[in-house]
There are 6 protein chains.
Amino acid sequence: MFSSQEERILQRLAGLDPDLMAYIRDFAYDTVYERPGLDLKTKELIACALLASLGSPGELKTHLRGAMQAGATEQELRETLLFCVPYLGFPRVVAAFSQLADLQARQAAKQAQQPE
Amino acid sequence: MFSSQEERILQRLAGLDPDLMAYIRDFAYDTVYERPGLDLKTKELIACALLASLGSPGELKTHLRGAMQAGATEQELRETLLFCVPYLGFPRVVAAFSQLADLQARQAAKQAQQPE
Amino acid sequence: MFSSQEERILQRLAGLDPDLMAYIRDFAYDTVYERPGLDLKTKELIACALLASLGSPGELKTHLRGAMQAGATEQELRETLLFCVPYLGFPRVVAAFSQLADLQARQAAKQAQQPE
Amino acid sequence: MFSSQEERILQRLAGLDPDLMAYIRDFAYDTVYERPGLDLKTKELIACALLASLGSPGELKTHLRGAMQAGATEQELRETLLFCVPYLGFPRVVAAFSQLADLQARQAAKQAQQPE
Amino acid sequence: MFSSQEERILQRLAGLDPDLMAYIRDFAYDTVYERPGLDLKTKELIACALLASLGSPGELKTHLRGAMQAGATEQELRETLLFCVPYLGFPRVVAAFSQLADLQARQAAKQAQQPE
Amino acid sequence: MFSSQEERILQRLAGLDPDLMAYIRDFAYDTVYERPGLDLKTKELIACALLASLGSPGELKTHLRGAMQAGATEQELRETLLFCVPYLGFPRVVAAFSQLADLQARQAAKQAQQPE
């Protein structure tokens, strides 16, 4: 699902701890994430909201990207984060939008580097 | 949107503080909640995940009911809560499922009371 | 400072754990709380905001009462809790107002019992 | 490990959601909990500290009991909770000691009921 | 109220998301912040305590500066943060004092650059 | 106990605020930390779990180092962090392992610099 991104993530996690990586791969991804009943885009939007709540910048960026790959538009991402405001207050949501801005700046920089 | 439920909620909030009620009605419901871009069911599922994260039992029950009224099936509610496990750990999710069980017990009791 | 209330609180804490009580009395109350530089009412309002943030209902009620004893009006308590909304979101603040309602109901019941 | 207590816990969890129960049994208990490298008592004390931090009263009581069954003395439980004070502040720790008091009251009541 | 600082903050927020900026300006600042009943300095000190609790470094720095502009002395800021210790524990408060140190270092650097 | 590390930590804290330093030294270290009843290694492992829960990267690194100095093996540190997964979910634990990786990279760099 995460295609090349997933590969890179699991490699980075294995560098931190092989068992941690295995738990994330086997339990978080292959068991929980693969459950039917919610479409992938909805799952990724929920993940973004949860990570805004936890204040986990790295993982939030990963799932903002994951949500885009699952078909979420930029507007849907923004709506998801704005929807968090009444529940979480502004500071957590401002921090989440900073991650989105960061992600978009990186994506723009990457595209600018690529030859036509 | 929340129809009769909303009325009752706002009345209870007004009993706590009229300005708090007005902020929730005008900002949370009429401004943020009414935004287009995400369908109502997705919004309610995100709300349930956020409230599981915050550990707010009363509001969680309100939004589990709200999600059902927005068309979410029981399975979709369960999937949303199970999806929270890798992000929040088990204690928050067990507490959230207790709210769901409680809500379902109440709904069953209400139906049992009603004459056919 | 908390006069009769403090006595009762420390007794209840000693029932939980004598060392915990001693730490709260010696460090929290006699060392930190007694510092000059902020007036007592401001301290109690800050305590109420922090306890709304932590979601600690029992302690919040104690400090709502403490704030009143330190001279805070009901309006100042309400303003402090409403001020928390943009930082904490609505669920924590609704829970805090429930504690205030509870405290006021108890105080009213006590007054109703007293002979003129 | 939790012997009869575990059986009861898993049954209650299955009543909430069979898949949630299966994840807790297979991932939390059989995979993570069963890892070698830390003795059972140390694990249970860490669990108590984490649940004091999360503010999860039900699970905390379960693990206070679990720690006792793993050989922790009452003093070790109290030391673990007191040790949390500098990290978590007093409100979370007071709430945790309330759970311990509750557990001890129940255990005393049970013993008083049993014939000699 | 925040004068030139507010202008800069709102501009940065508009860069993140125009609607987020509008909500902060219209709801957080113009509606909640402008309420009478608490003086501005007290509000800013409460904001600092809440942001220490949330662990939001950027917003905390903004409101430490805002508190100074509202007339809070350095000592009052320090008292507010020290007062948080019994509620939040040391790690959150140490992080908050790091933001204060950072802010003061920047202000000193700015003053050193200015010609007499 | 923390030997040279403690000296450095207290100096850094005194630079933030002398009273904050004194509270940490007198209350956190000399009063709570020095209590008998739990061995030092267990205390440090509990501290690491609590700091993973709080998401306090700087303090976590300090206590990962402190746990090693108290005799914890690298495996015991890893087990402690993995044990947190069912309670806290993955994002907090991934962040904690990043601190461990960072600490180990620094320690390796230091050793590489030292002449034989």
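Residue numbering note: each chain is counted from 1, following its sequence as written. Here the convention is simple: chains get letters from A, ligands get numbers from 1, in the order in which they are written. Per-residue local features are limited, in this predicted model, to residues with pLDDT of at least 70; the limit for side-chain atom pairs, both in listing and counting, is 80 or more; totals at the level of whole chains, interfaces and linings are taken over all residues. With hydrogens and water excluded, all non-hydrogen atoms of the structure serve as input to the side-chain values.

1. A few points about the overall build of chain A
Right, on to step 1. Strands are runs of DSSP state E lasting at least 2 residues, helices are runs of H or I lasting at least 4, and numbering of each runs from the N terminus. The helix and strand tally for chain A stands at 7 helices and 0 strands.
Right, on to step 2. Along chain A, helices (α) and strands (β) appear in the sequence α-α-α-α-α-α-α when read from the amino end.
Right, on to step 3. Every radius of gyration here is taken over C-alpha atoms, with the globule rule written as 2.2 Å times N^0.38, N being the number of residues. The globule rule puts the C-alpha radius of gyration for 116 residues at 13 Å, and the 15 Å found for chain A is close to it.
Right, on to step 4. Over its C-alpha atoms, taken along the principal directions, chain A stretches across nearly 40 × 35 × 25 Å.
Right, on to step 5. Taking the intrachain contacts of chain A between residues at least 6 apart in sequence as the baseline, contacts between residues at least 24 apart amount to 58%.
Right, on to step 6. Only the protein chains shown count as covering a residue, and every accessible area follows the Shrake-Rupley method with a 1.4 Å probe. Taken as a whole, chain A presents about 4900 Å² of accessible surface, with 50% of it coming from carbon and sulfur.
Right, on to step 7. Positive charges come from Lys and Arg, negative ones from Asp and Glu, while His and the chain ends are left out of the count. Think of each charge as sitting on NZ of Lys, CZ of Arg, CG of Asp or CD of Glu. One way to put it: in chain A the 12 positive side-chain charges average out to a point 4 Å from where the 15 negative ones average out. A contact between two residues is defined here by any heavy atoms of the two lying within 4.5 Å.

2. Comments concerning the interface of chain A and chain B
Right, on to step 1. Across the boundary between the two partners, chain A contributes 31 residues, which contact 31 residues of chain B.
Right, on to step 2. Accessible area, probed at 1.4 Å, shrinks when two parts are joined; the buried area is that loss added up over both. Across the chain A/chain B interface, buried area totals approximately 2700 Å², and carbon plus sulfur atoms make up 77% of it.
Right, on to step 3. Per-residue buried area on chain A facing chain B is highest for Leu50, Phe83 and Tyr87 of chain A; these three make up 26% of the total on that side.
Right, on to step 4. Note on definitions: salt bridges are taken to be side-chain nitrogens of Lys or Arg within 4 Å of carboxyl oxygens of Asp or Glu. Put simply, chain A and chain B have 2 salt bridges between them.
Right, on to step 5. Ionic pairing is found between Glu79 of chain B and Arg35 of chain A, a salt bridge with its closest N-O pair at 2.7 Å.
Right, on to step 6. N or O atoms within 3.5 Å of each other form a polar contact, as long as, within protein, one can give a hydrogen and the other can take it, and as long as residues adjacent in sequence are counted only when both atoms are side-chain atoms. Run the count over chain A and chain B and you get 5 residue pairs in polar contact (both at pLDDT 80 or more).
Right, on to step 7. Counting residues per element, the side of chain A that touches chain B draws most heavily on helix 3 (residues 40–54) of chain A, which supplies 10 residues.
Right, on to step 8. Each residue receives one of three labels: charged for Asp, Glu, Lys and Arg, nonpolar for Ala, Val, Leu, Ile, Met, Phe, Trp, Tyr, Cys and Pro, and polar for the others, Gly being one of them. For the side of chain A that touches chain B, the per-class residue count stands at 21 nonpolar, 6 polar and 4 charged.

3. Digging into the relation of the copies chain B and chain C
Right, on to step 1. In the superposition of chain B on chain C (RMSD 0.0 Å, axial shift 0.0 Å), the rotation amounts to 120°. Considering both components of the superposition, the chain copies are consistent with a three-fold axis. For chain B, the residue whose C-alpha comes nearest the rotation axis is Gly55 of chain B, separated from it by 5.2 Å. Here the copies are superposed with least squares, the fitted atoms being C-alpha atoms of residues at a pLDDT of at least 70 in both.

4. Points about the interface of chain B and chain C
Right, on to step 1. Every contact between the two is made by 14 residues of chain B and, on the other side, 11 residues of chain C.
Right, on to step 2. Buried area between chain B and chain C, summed over both chains or domains, comes out near 1100 Å², and the portion from carbon and sulfur atoms is 71%.
Right, on to step 3. Considering only the side of chain B, the residues that lose the most area to chain C are Leu16, Leu20 and Leu54 of chain B, jointly responsible for 44% of the buried surface there.
Right, on to step 4. In this structure, Asp17 of chain B and Arg78 of chain C form a salt bridge, with 2.7 Å as the shortest nitrogen-oxygen distance.
Right, on to step 5. Here chain B is connected to chain C by 3 residue pairs in polar contact (both at pLDDT 80 or more).
Right, on to step 6. Of all the secondary-structure elements, those providing two or more residues to the side of chain B that touches chain C are helix 1 (3–16), helix 2 (18–33) and helix 3 (40–54) of chain B.
Right, on to step 7. The residue makeup of the side of chain B that touches chain C, split by class, is 9 nonpolar, 1 polar and 4 charged.

5. Some words on the packing of helix 3 (residues 40–54) of chain C against helix 5 (residues 74–83) of chain C
Residues and elements named next belong to chain C.
Right, on to step 1. To obtain each axis, a line is fitted to C-alpha atoms, and for helices this fit is confined to the stretch in contact; angles are then taken between N-to-C directions over 0 to 180 degrees. Two elements in contact, helix 3 and helix 5, have axes whose closest approach is 9 Å; the angle formed by their N-to-C orientations is 40°. Taken together, the axes of helix 3 and helix 5 lie oblique to each other. Regarding helix 3 and helix 5, the two cross each other, and that crossing is right-handed. Together, Lys41, Leu45, Cys48 and Ala49 of helix 3 and Glu76, Leu77 and Thr80 of helix 5 make up the contact between the two elements. When describing relative orientation, an angle under 35 degrees is termed roughly parallel and one over 145 degrees roughly antiparallel, while 65 to 115 degrees is termed roughly perpendicular and anything else oblique. The handedness criterion is simple: a crossing whose near helix is rotated anticlockwise from the far helix by less than a right angle is left-handed, and one whose near helix is rotated clockwise is right-handed.

6. Some details on the layout of surface pockets
Right, on to step 1. Counted as a void, the second largest pocket has a volume near 510 Å³.
Right, on to step 2. Lining of the second largest pocket is provided by 24 residues; of these, Ile9, Arg12, Gly58, Glu59 and Thr62 of chain F occupy positions nearest its centre.
Right, on to step 3. Elements with a contribution of two residues or more to the lining of the second largest pocket: helix 6 (85–88) of chain D, helix 7 (90–113) of chain E together with helix 1 (3–16), helix 2 (18–33) and helix 4 (57–69) of chain F.
Right, on to step 4. At 6 residues, the largest contribution of residues to the lining of the second largest pocket is made by helix 4 of chain F.
Right, on to step 5. For the lining of the second largest pocket, a count of residues per class yields 13 nonpolar, 5 polar and 6 charged. The pocket and cavity definitions rest on a 1 Å grid over protein atoms only: a 1.4 Å probe that fits but cannot leave marks a cavity, an open set with protein on both sides within 12 Å along at least five of seven lines marks a pocket, and residues lining either have an atom within 4 Å of a point. Grid points are joined across faces, edges and corners, and a volume is the space filled by probe spheres set on the points.

7. Topic: the domain arrangement of chain A
All names here are of chain A.
Right, on to step 1. Here chain A is partitioned into domain 1 (1–35) and domain 2 (39–116).
Right, on to step 2. Domain start and end points were adopted from an automatic or database domain assignment. One C-alpha centre belongs to domain 1, the other to domain 2, and the line joining them spans 19 Å.
Right, on to step 3. On the side of domain 2, 8 residues touch domain 1, which itself brings 9 residues to the contact.
Right, on to step 4. Overall, the association of domain 1 and domain 2 removes approximately 680 Å² of surface from exposure, summing both partners, and the carbon and sulfur fraction of that is 47%.
Right, on to step 5. At the junction of domain 1 and domain 2, the tally comes to 0 salt bridges.
Right, on to step 6. Of the residues contributing to the side of domain 1 that touches domain 2, the split by class is 4 nonpolar, 2 polar and 3 charged.

8. Things to note about the relation of the copies chain A and chain B
Right, on to step 1. When chain A is fitted onto chain B, the two copies agree to an RMSD of 0.0 Å after a turn of 180° and an axial shift of 0.0 Å. Such a combination of turn and shift is consistent with a two-fold rotation axis. Closest to the rotation axis within chain A is the C-alpha of Ile46 of chain A, separated from it by 2.7 Å.
Right, on to step 2. A high fraction, 100%, of the interface residues of chain A reappear at the interface in chain B, so the copies pair face to face through one surface.

9. Describing helix 2 (residues 18–33) of chain A
All names here are of chain A.
Right, on to step 1. Here the expected span of a helix is defined as 1.5 Å times the quantity of residues minus one. If you check helix 2, its first and last C-alpha atoms are just 20 Å apart, much less than what 16 residues at 1.5 Å a residue would give, namely 22 Å.
Right, on to step 2. Working definition: with a 1.4 Å probe on protein chains only, accessible area under 20% of the residue-type maximum means buried, over 50% means exposed, and in between means partly exposed. If you check which residues of helix 2 are buried, you get Leu20, Met21, Ala22, Tyr23, Ile24, Phe27, Ala28, Tyr29, Val32 and Tyr33.
Right, on to step 3. Regarding helix 2, its N-cap is Asp17, as a side-chain oxygen of that residue lies 3.0 Å from the backbone nitrogen of Asp19 further along.

10. Things to note about the packing of aromatic side chains
Right, on to step 1. Note on aromatic contacts: the rings of Phe and Tyr and the six-membered ring of Trp form a pair at centre separations within 6.5 Å, being stacked when their planes are under 30 degrees apart, edge-to-face when over 60 apart, and tilted otherwise. Enumeration according to the criterion identifies 33 aromatic pairs over all chains in this entry.
Right, on to step 2. Taking the centre distance of 5.2 Å and the plane angle of 65° together, the rings of Tyr33 of chain C and Phe83 of chain E count as edge-to-face. One end of the pair, Tyr33 of chain C, is in helix 2 (residues 18–33); the other, Phe83 of chain E, is in helix 5 (residues 74–83), on a second chain. Each member of the pair Tyr33 of chain C and Phe83 of chain E is classed as buried.
Right, on to step 3. Consider the rings of Tyr29 of chain E and Tyr33 of chain E, whose centres lie 5.9 Å apart with planes at 90°: the pair is edge-to-face. Note that Tyr29 of chain E and Tyr33 of chain E are positioned in helix 2 (residues 18–33) at a spacing of 4 residues, about one turn of the helix.
Right, on to step 4. Note on Tyr33 of chain E: relative accessible area 4%, which makes it buried.
Right, on to step 5. Among the aromatic residues, those joined into a ring-pair cluster are Tyr23 and Phe27 of chain A, Phe90 of chain B, Tyr23 and Phe27 of chain D together with Phe90 of chain F.

11. Remarks on the environment of Leu10 of chain E
Right, on to step 1. Looking at the secondary structure, you find Leu10 of chain E in helix 1 (residues 3–16).
Right, on to step 2. For Leu10 of chain E, a relative accessible area of 12% corresponds to the buried category.

12. Section: the packing of helix 7 (residues 90–113) of chain B against helix 2 (residues 18–33) of chain D
Right, on to step 1. Look at helix 7 of chain B against helix 2 of chain D: their axes get within 11 Å of each other, and the N-to-C directions meet at 160°. Taken together, the axis directions place helix 7 of chain B and helix 2 of chain D in an arrangement best described as roughly antiparallel. By crossing handedness, the relation of helix 7 of chain B to helix 2 of chain D is classed as left-handed. Listed contacts from helix 2 of chain D to Phe90, Val93, Val94 and Phe97 of chain B of helix 7 of chain B are Leu20, Tyr23, Ile24, Phe27 and Ala28 of chain D.

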